[in-house]
Amino acid sequence: TRGSAYHRVMELMPFDKITDEINILKLDELMEEYLATGELLKEEYTLVDKEKICIFLHSDLGKRMIEAAKGEKLYLEQPFVLGISADRLSQEFPKEETILIQGIIDGYFIEDNQIILMDYKTDRVRLGKELVNKYRIQLDYYKEALERIAGLRVKEMLIYSFHLDSTITV
C-alpha cells in the first residue's frame with residue numbers, strides 16, 4: 001500500500017513545473033490540492049513521507065527527470081505488452097509458443113537520443129544490491145520492451161530507493 005501511494009504521488013508530480021525551491025511545505029500544498037480534487041486519497045497522502053519525495057526531487061535523478069519533463073521527454077506510468085519465446089521462461093516450454101508479459105513502467109526519459117529507464121522502490125532494504133538482485137529481471141523485460149517500442153537504446157537502468165534515498169544503477 002505504501003509503495004502504491006508513492007507511485008501515485010510520483011505519477012501526479014508536475015515534473016515540468018518543479019523548481020529548485022521545492023520544499024516540504026510546497027510539496028504538501030501540492031499534495032493537498034490533489035487531495036481536494038480527489039486525485040490523491042487520504043490514505044495515500046498520509047502514507048507518503050514528503051521529506052523523502054523532496055530528497056528525490058533534489059537528487060541527480062530527480063533533476064534529470066525535471067529537465068527531461070521540461071523538454072517533453074519524460075514518460076511516466078507507461079503500460080506495455082512484450083511477447084517472448086516461451087522457452088526463455090523455462091526449457092520445459094516449447095520454443096514456438098509465445099508468452100505475453102505485461103506491465104507498467106514507472107518512468108523513462110530520453111537523453112541524447114537514448115533511454116534512461118527508472119523504477120521507484122519502497123522496499124525496506126539495507127543495501128541497494130538487494131533491490132538489483134530482486135528486480136533485475138523485471139527491469140530487463142522493461143528494457144527489452146522499450147527498445148522494441150521506441151526503437152532507441154536503453155543507456156541506463158536505474159532504481160530509486162525511497163527507503164535508502166538513493167539511486168542504484170542496475
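Residues numbered from 1 in each chain as written. Predicted model: local features only at pLDDT ≥ 70, side-chain atom pairs only at ≥ 80, totals over all residues. Heavy atoms only, no water.

## Focus: the pattern of salt bridges
The condition is simple: Salt-bridge detection follows one rule: a side-chain nitrogen of Lys or Arg within 4 Å of a carboxyl oxygen of Asp or Glu. Throughout, exposure labels follow a simple rule: accessible area from a 1.4 Å probe, protein chains only, divided by the maximum for the residue type, with under 20% read as buried, over 50% as exposed, and the rest as partly exposed. Starting at the N terminus, helices and strands are each numbered in turn, a helix being any DSSP run of H or I of at least four residues and a strand any DSSP run of E of at least two.
A complete count under the given rule lists ten salt bridges for this structure. Between K17 and D16 there is a salt bridge whose closest N-O contact spans 3.6 Å. The partly exposed category is assigned to D16, whose relative accessible area is 37%. For E111, the salt bridge is made with R64, and the minimal N-O distance between the two is 2.7 Å. A residue pair is termed long-range when its members are at least 10 positions apart, and E111 in strand β2 (residues 98-111) and R64 in helix α5 (residues 60-70) qualify at 47 residues. Overall, R64 belongs to the buried group, its relative accessible area being 17%.

## Some points on the sheet that holds strand β3 (residues 114-121)
Hydrogen bonds between backbone groups are what pair the strands of a sheet, and the pairing can be parallel or antiparallel. Using the following cut-off: Here, a strand pair is defined by DSSP locating no fewer than two bridges between the strands. Every axis corresponds to a line fitted to the C-alpha atoms, with the helix fit spanning only the stretch in contact, and the corresponding angles, defined between N-to-C directions, vary from 0 to 180 degrees. Residue contacts are counted whenever heavy atoms from the two residues lie within 4.5 Å of one another.
Taken together, five strands build an open sheet; the order of strands is β1-β2-β3-β4-β5 and the sheet is mixed. With partners counted over all chains shown, the strands left at the sheet margins are β1 (74-85) and β5 (166-169), one partner each. Averaged over neighbouring strand pairs, the angle between their axes works out to 40° when direction is ignored. Summarising the sheet, strand β4 (residues 154-161) and β5 pair through four bridges and their orientation is antiparallel. From the neighbouring strand, Y160 faces β5, where its bridge partner is T167. The strands that α5 touches are β1, β2, β3, β4 and β5; relative to β2, the one it contacts most, it runs at about 85°.

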